[in-house]
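Summary of the model geometry
Spelled out from the first residue to the last, the chains are:
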Amino acid sequence: MAAPFTLRKVGVPPNSANLTEARRRVFDFFRAACRSIPTIMDIYNLQDVVAPSQLRFAISAQIRNNAHITDPKVIDLLLFKGMEELSDIVDHAKQRHHIIGQYVTGEGLVQNTGSKDQGKSDFLKNFYTSNYF
């Protein structure tokens, strides 16, 4: 087996000068995240739960959720948060069920089918959808 991929320890990068540079940094982050997937699969023993392509899809879905943002400073902030999250995952600062809950069964891969409302009455459905505090 090849040596595991290790992330470079990078400090806070300087702010992006424009949207093109921020976009390039997003692609660089995506490449680094995808290169770390085999290490993550080995660290958390995810082979029986998810395929590497599904994790790649979950990462791209997280990035696409913020595709509407055009301010380079906000993009840099989100990239910093993403790098911090990735380094925490690679450094084994999270447990297996955190990874599975957030990236396998969470927002990334499994979609909500709405099966939670099947056994509820119409009154409860209306109550839950109403605007209450």
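Under an unreviewed UniProt entry, the name given to the protein chain is NADH dehydrogenase [ubiquinone] 1 alpha subcomplex subunit 6, and the source organism is Arabis nemorensis. Regarding the protein chain, the relevant UniProt record gives this comment under Sequence similarities (unreviewed entry): "Belongs to the complex I LYR family." Of the protein chain, the UniProt comment under Subcellular location (unreviewed entry) reads exactly: "Mitochondrion inner membrane".

Notes on the nonpolar core
In this structure, Ile 40, Leu 46 and Leu 55 are the most contacted members of the largest nonpolar core, which totals 22 residues. Sorting the residues of this core by element identifies helix H1 (19-35), helix H2 (37-44), helix H3 (52-64), helix H4 (72-90) and helix H5 (96-104) as the ones contributing at least two each. Top element by residues in this core is H4. It accounts for 5 residues. Setting aside residues no more than four positions away along its own chain, Leu 55 makes contact with Ile 37, Met 41, Leu 46, Val 50 and Tyr 103.

Structural notes on the environment of Arg 96
For Arg 96, the position within the fold is in helix H5. Among all residues touching Arg 96, those that are not within four sequence positions of it are Tyr 44, Asn 45, Leu 46, Asp 48 and Val 49. From its side chain, Arg 96 meets the backbone oxygen of Asn 45 in a polar contact 2.9 Å long.

Calculation criteria
Residues numbered from 1 in each chain as written. Predicted model: local features only at pLDDT ≥ 70, side-chain atom pairs only at ≥ 80, totals over all residues. Heavy atoms only, no water. UniProt positions renumbered as here; feature names shortened; annotations may be inferred. Core = buried A, V, L, I, M, F, W, Y, C linked by side-chain atoms within 4.5 Å. Buried < 20%, exposed > 50% of the residue type's maximum accessible area, 1.4 Å probe, protein only. Helix = DSSP H or I, 4+ residues; strand = E, 2+ residues; numbered from the N terminus. Contact = heavy atoms within 4.5 Å. Polar contact = N/O pair within 3.5 Å; in protein donor to acceptor, adjacent residues only side chain to side chain.

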